[in-house]
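Structural features, examined
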Amino acid sequence: MSRTKLLLVAAVLASLMLSLGTVAYTSNGELVVGVDAAPETMDPRGSLADSTMMWMGNIFDPLVQKVGPEGEFAPGLATSWERIDQLTWRFHLRKGVRFHNGNPFTWEDVQFSFERMKDPKRSEHSWANSVDSVETVNGDPWVIDITTKEPTASFVHQVKIGFIVDKESTLSRTPEEVIQYPIGTGAYKFVEWIKGSYLELEANEDYWEGPPPIKNVTVKPIIEPSTRFAALVTGEIDLMMGVPLQMLEAVQNNPKLVMITRPSRRAIFLGLSNEQGLPTSNVKVRKAMYMAINEEEIIEVILRGQATIVSQIVDPETSGYNADIERFPYDQERAKELLIEAGYPDGFKITLQCPNDRYVKDEQIGQAVVKYLQEVGIDAELDAMPKANYWGLISGHETKFWMLGWMNESHSVAQVFSDLVHSPSYEKGYGGWNSTYGDPELDKLIEESKLIQDREESLEALRELNRIAMEEKVAYIPLHLQQQLYATQKDKSINFIPRPDRWIFLKEIAIEG
Amino acid sequence: MFAYIIRRVIQGIGVALLVSFLCFFLFQYVGDPVLTMVGKNATPKQMEEVRKLLGLDKPYYIQYLVFVKNALHGDFGKSYTNDLPVFTLIIERAPATIELATFAMFIATVFGISLGVIVSLNRASVLSRFVMAGSLLGISLPTFLIGLLLILVFSVILQALPVFGRGDVTQIGFWRTGLLTFNGIKHLILPAFTLGMYEMALIVRLTRAEVSEVLEEDYIRTAWAKGLPSRIVIFKHALRNSLIPVVTMIGLGLGELIAFATITETIFQWPGMCRLFLSSIYGNDYPVIVAYIVLMAFVILFINLTVDVFYTVLNPKIQYD
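Residues numbered from 1 in each chain as written. Chains lettered and ligands numbered in written order. Predicted model: local features only at pLDDT ≥ 70, side-chain atom pairs only at ≥ 80, totals over all residues. Heavy atoms only, no water.

**Description of the overall build of chain A**
A count of helices and strands for chain A gives 16 helices and 19 strands. At 26 Å, chain A has a C-alpha radius of gyration in line with the 24 Å of a compact globule built from 513 residues. Along the longest, intermediate and shortest principal axes, the C-alpha atoms of chain A span 85 × 80 × 40 Å. Here chain A, with 513 residues, has 58% of them falling under the buried criterion. Put simply, chain A shows about 20200 Å² of open surface, and 50% of that area lies on carbon and sulfur atoms. Charge separation in chain A, taken as the distance between the mean sites of 51 positive and 75 negative side-chain charges, equals 4 Å. (Helix = DSSP H or I, 4+ residues; strand = E, 2+ residues; numbered from the N terminus. Rg over C-alpha atoms; globule rule 2.2 N^0.38 Å. Buried < 20%, exposed > 50% of the residue type's maximum accessible area, 1.4 Å probe, protein only. Areas by Shrake-Rupley, 256 points an atom, 1.4 Å probe, with all protein chains shown as cover. Lys, Arg positive; Asp, Glu negative; His and termini not counted. Charge placed at Lys NZ, Arg CZ, Asp CG, Glu CD.)

Listed below in structure tokens is the structure:
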């Protein structure tokens, strides 16, 4: 009896302490990156999500890339480029580049890649539909003209995500193979992808920019923030993307870790309908709501200081960003006066709709906004829901008071305002993500801005358009830019400088140890 | 017996048809997959085009009939997220979940039954009280809390076990196994304990109740009176007769662990099919959701059927006609 008992107790203890030795995870010339979202596909046209695109950017090259902490233009598979006229962009292609399978890079790969991005069912790159043709110039296979259907000043910005695939191997392999085993020209070669588990890459020693410094990289998605943090503390990952706000202090206080931050390009803002008859169609009411919200307190308390207050819905990288636009100050007394002037001394009923699983602390921000509005006498309430349900309210033009976050790849106010400010128009393809706001004057300015050919003049027009929308019309109530938060192992001496687009561009990272 | 199995399989097909119908019925209310598929700069026209291509413009019952027709041809469709065949996506990730759930159930069974027997033999001892209190904790603590506590203690503080993932795996045919390497087993321990904790606690309590009851029976008293060694009385006479309800619970539990290891897989970033299921729900990836639910209906049916058959082995008095 007692012997059986003892044995069992021993078995329990033994199994609990199965291994006593410390687990060693050190590695040299290798980098393990822990990311907050798993890549969805290995097909560069398959997803626009950062979590997928950034790895595509390591395996594939675009014609024109953006490099460094400021996101400057740099030659990619094109050595130089110029805008010939309203519709035509000329690219001089790089000679002597080979795909990872040895195939030479040619202009036909460019033509094929752009064509391939147009398939609406398989591709999220709907911007590629603006491309009319890709042709060589005077029969020279190293000079091509890409023509767009309409004048698109931001085209060269979008080219950054137009990754060039190998025509031959894309056609000769089955679609399933193409999606799972990418072949690019990029700085890193694909090794293995176990979905939901890891992505393994190795340095492309023949890369046209020269071999990248880090030789082997493993990307491990860890969705649960606590686990991701634990994996960093135990050294199972070297670089962590997406430090959760509640673990900020734990990271800062840990002597073995280094925290790295920078503002992201994603702005968070509130949309307000101006449909006839609604109180919010009155600019004074819109302004009152703007001034009632204590954004600095939201950043300080809810976001623990990790956000940048903004006065417009685009970031400084966007052409048309206007540094002269100022926020309306937080002033609840003035807000109450404005409501009286507008004829709503007793406020009105309004419901703010927002997602609860999309932006950093989205629901808590919504709760705070509702509370501030109540303080000035507006009978506000919150309706927070999963993003899967939420998106339909915006694209279906149903919600009258909504929260949105936007990061533009176009780098242009013209494109952002076409999607977000221009009144929704199914036929013209405007206002797809604008729920229920519309102003004829702004519509006109947006459409006109696209036709201006002179670069300086166009920039000036966009800045002015931006100012009118933000200051005179209060088209949106801007809140903040989200912060990018990373942490690394101190003793690994990883030289990592975050990029504006949130991508982890491995060739830009070095290990100094 | 054979007729019984056939009848159960037919019932199973009925259940699969019903749950998949429910899926399609509910999909109307969970958000639009097209929005996440086309990219944010797509025009409403392009969205419409994709909706038509996927057949999502049709009423839900038509979509359902199309699904049934294709499923009968063995085609469960392609994932909206990455355009890969749904069936391959699920099968690829099944081994991770099956290994995790089986190992969890193994731990739960071994520890559950052993502790249950010990406790029922000496109900007043300190150890028994400790185990019973522990089993209450195991039943009432939420899985994610158990998981995080285990990570904190065994990975962060003791640095003895890895935090997440499957570690080194070996590929045998389509099956990727973590059971053949020491590193793989080490990765399995924490998630398996987390997943198995609840079942273990249930088994302890059930075994204790059943064994205690059987120990009061006349034939046990007779066995003791004959002077049989305690080993034989307990294991051969008492335990065997207490096991039928326990086997039922293990069977049902295994099905649940395979189908609903979602939380454990999330905490430990276990690359199993429950995580795939969860991310498909977030991404409105309808084909994956339906296929997963239908597949799980069959897994649970299969396990229940096995348990039924196993009864007849444990107790020949039970018969199906």
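Having seen the model, we can carry on.
**Some words on the interface of chain A and chain B**
By a frequent convention, interface size equals the accessible area lost on bringing the separate parts together. Counting residues at the interface gives 63 residues for chain A and 60 residues for chain B. In total, about 5400 Å² of surface goes out of reach between chain A and chain B, with carbon and sulfur atoms giving 62% of it. When the buried area of chain A at its contact with chain B is split by residue, A:Lys121, A:Lys195 and A:Tyr426 rank highest and sum to 12% of it. Between chain A and chain B we count 5 salt bridges in total. Linking A:Arg122 and B:Asp83 is a salt bridge whose minimum nitrogen-to-oxygen distance equals 2.7 Å. Taken together, the links from chain A to chain B amount to 9 residue pairs in polar contact (both at pLDDT 80 or more). Broken down by secondary-structure element, the contributors of at least two residues to the side of chain A that touches chain B are α1 (2–16), α6 (175–180), β8 (188–194), β10 (216–221), α7 (225–233) and α13 (387–395) of chain A. The element that contributes the greatest number of residues to the side of chain A that touches chain B is α1(A), accounting for 7 residues. (Contact = heavy atoms within 4.5 Å. Buried area = accessible area lost by both parts, 1.4 Å probe. Salt bridge = Lys/Arg side-chain N within 4 Å of Asp/Glu carboxyl O. Polar contact = N/O pair within 3.5 Å; in protein donor to acceptor, adjacent residues only side chain to side chain.)

**Here we look at the packing of aromatic side chains**
Tallied over the full model, the rule gives 35 aromatic pairs over all chains. A ring pair is formed by B:Tyr60 and B:Tyr61, whose centres lie 5.5 Å apart and whose planes are at 80°; its orientation type is edge-to-face. Here B:Tyr60 falls in the partly exposed class, since its relative accessible area comes to 21%. Above the plane of the ring of A:Trp208 lies A:Arg94, whose end atom (NZ or CZ) is 3.9 Å from the centre. (Phe/Tyr/Trp six-rings, centres within 6.5 Å; stacked < 30°, edge-to-face > 60°. Lys NZ or Arg CZ within 6 Å of the ring centre and 35° of its normal.)

**Examining the nonpolar core**
Membership of the largest hydrophobic core comes to 180 residues, with the highest contact counts inside it found for A:Met289, A:Phe417 and A:Leu420. In terms of residue count, the dominant contributor to this core is helix α5 (residues 86–121) of chain B (16 residues). Sequence-distant contacts of A:Leu420, defined by excluding residues within four places in its chain, comprise A:Phe269, A:Ile313, A:Leu404, A:Trp406, A:Trp433, A:Asn434 and A:Tyr476. Of all hydrophobic cores here, the second largest spans 62 residues; its members include A:Met54, A:Ile59, A:Phe505 and A:Leu506. (Core = buried A, V, L, I, M, F, W, Y, C linked by side-chain atoms within 4.5 Å.)

**Here we look at the confidence of the model for chain A**
Taken residue by residue, chain A gives an average pLDDT of 91. The fraction at 70 or more is 94%. In this model, residues 1–27 of chain A is a region of pLDDT below 50 whose contacts with residues beyond four sequence positions or in other chains number 33 contacts. (pLDDT = per-residue confidence, 0-100.)

**Quick word on helix α10 (residues 295–302) of chain A**
All names here are of chain A. Within the sequence span of α10, burial applies to Glu-295, Ile-298, Ile-299 and Ile-302. Down the axis, α10 shows its buried residues gathered within 105° of arc, on one side only. With respect to the buried face of α10, the exposed residues turned more than 90 degrees away are Glu-296, Glu-300 and Val-301. In this structure, the buried residues of α10 make contact with β13 (307–309), α12 (362–375) and β17 (476–489). Of the residues one or two after α10, Arg-304 is the one with positive phi, at around 50°. (Arc of directions from axis to C-beta.)

**Remarks on the sheet that holds strand β6 (residues 131–137) of chain A**
All names here are of chain A. Pairing within the open sheet is antiparallel, and its 4 strands lie in the order β4-β5-β7-β6. In the strand order of this sheet, the two ends are held by β4 (78–83) and β6, each with one partner. Taken over all neighbouring pairs, the strand axes of this sheet differ in orientation by 20° on average, direction set aside. Where strand β5 (residues 88–93) and strand β7 (residues 140–148) come together, 5 bridges link them in antiparallel fashion. Looking at β7, one finds that Phe-91 is bridged to Ile-144. Helix α3 (residues 107–116) contacts β5, β6 and β7 of the sheet and is inclined by roughly 175° relative to β6. (Pairing = 2+ DSSP bridges. Axes fitted to C-alpha atoms, helices over the stretch in contact; angles between N-to-C directions.)

**Here's the deal with the environment of A:Thr41**
Tracing the backbone through its elements, the reader meets A:Thr41 in the loop between β1 (30–35) and α2 (50–59). For the pair A:Thr41 and A:Trp55, spaced 14 residues apart in sequence, the C-alpha separation works out to 9.9 Å. Discounting residues that sit within four places of it in the chain, A:Thr41 has contacts with A:Gly46, A:Ser47, A:Thr52, A:Met56, A:Ile179, A:Trp193 and B:Asn82. A polar contact of 2.9 Å, which involves the side chain of A:Thr41, links it to the backbone nitrogen of A:Asp43.

**Brief notes about the packing of α5(B) against helix α12 (residues 273–282) of chain B**
All names here are of chain B. Where α5 meets α12, the closest approach of the two axes is 7 Å, and the angle between their N-to-C directions is 130°. Considered as vectors, α5 and α12 are oriented oblique to each other. Residue-level inspection shows Leu-89, Ile-90, Arg-93, Ala-94 and Thr-97 of α5 in contact with α12, the latter providing Met-273, Cys-274, Arg-275 and Leu-276. (Parallel < 35°, antiparallel > 145°, perpendicular 65-115°, else oblique.)

**A closer look at the side chain of A:Lys507**
All names here are of chain A. Relative to the elements of secondary structure, Lys-507 occurs in the loop between β18 (494–495) and β19 (510–511). Within polar-contact distance, the side chain of Lys-507 engages the side chain of Gln-65 at 2.8 Å. When neighbours within four sequence positions are excluded, Lys-507 is seen to be in contact with Asn-58, Gln-65, Ala-187, Tyr-188, Tyr-207, Glu-209, Pro-212 and Pro-213.

**Some thoughts on unusual backbone geometry**
The phi angle at A:Lys361 is positive, at roughly 55°, despite the residue not being glycine. Along the chain, the position of A:Lys361 falls in the loop between β14 (349–355) and α12. With phi around 50°, B:Gln159 is a residue other than glycine that occupies positive phi space. Among the secondary structure elements, B:Gln159 is positioned in the loop between α7 (143–157) and β1 (170–172). Take B:Gln159: its relative accessible area is 23%, and that puts it in the partly exposed class.

**Here's the deal with a nonpolar patch on the surface**
All names here are of chain B. Together, Phe-144, Leu-145, Leu-149, Leu-152, Val-153, Ile-157, Leu-158 and Ile-263 make up a nonpolar patch on the protein surface, roughly 710 Å² of accessible area in all. The biggest single contributor to the nonpolar patch is α7, with 6 residues. Taking the relative accessible area as the measure of exposure, Phe-144 reaches 45% and is therefore partly exposed. (Patch = residues over 30% accessible without salt bridge, like charges linked within 9 Å, V, L, I, M, F, W, Y side chains within 5 Å.)

**Some remarks on helix α6 (residues 126–140) of chain B**
All names here are of chain B. Between its first and last C-alpha, α6 extends 21 Å over 15 residues, near the 21 Å set by a 1.5 Å rise per residue. Where α6 is concerned, the buried positions are Ser-128, Val-131, Met-132, Ser-135 and Gly-138. Burial along α6 is one-sided: seen end-on, the buried residues are contained in an arc of 115°. In this structure, α6 carries Val-126, Arg-129, Phe-130 and Ser-140 as exposed residues pointing more than 90 degrees from its buried face. Summarising the contacts, the buried residues of α6 are in contact with α5 and α8 (182–215). (Expected span 1.5 Å × (residues − 1).)

**Comments concerning the pairing of strand β9 (residues 198–203) of chain A**
Within a regular strand, side chains alternate between the sheet's two faces. All names here are of chain A. Examined bridge by bridge, β8 and β9 share 6 bridges and lie antiparallel to one another. Paired with Trp-193 across the bridge in β9 is Leu-199. Counting the residues that bridge the hairpin from β8 to β9 gives 3 residues, and of these Gly-196 lies at a positive phi of roughly 80°. One ladder, built from 4 bridges, connects β9 with β10; its direction is antiparallel.

**Thoughts on the pattern of salt bridges**
All names here are of chain A. Summed over the entire model, instances satisfying the criterion amount to 39 salt bridges over all chains. Between Lys-349 and Asp-379 there is a salt bridge, and its shortest N-O distance comes to 3.6 Å. Here Lys-349 is found in strand β14, whereas its partner Asp-379 is found in strand β15 (residues 379–385), with 30 residues between them in sequence. Residue classification places Lys-349 among the exposed residues on the basis of a relative accessible area of 62%. Owing to a relative accessible area of 40%, Asp-379 belongs among the partly exposed residues under this scheme. In this structure, the salt-bridge partner of Glu-508 is Arg-499, at a minimum N-O distance of 3.0 Å. Glu-508 gets classed as partly exposed once you look at its relative accessible area, which sits at 30%. Residue classification places Arg-499 among the buried residues on the basis of a relative accessible area of 2%. Residues participating in the shared-partner salt-bridge network are Lys-160, Arg-499, Asp-501 and Glu-508.

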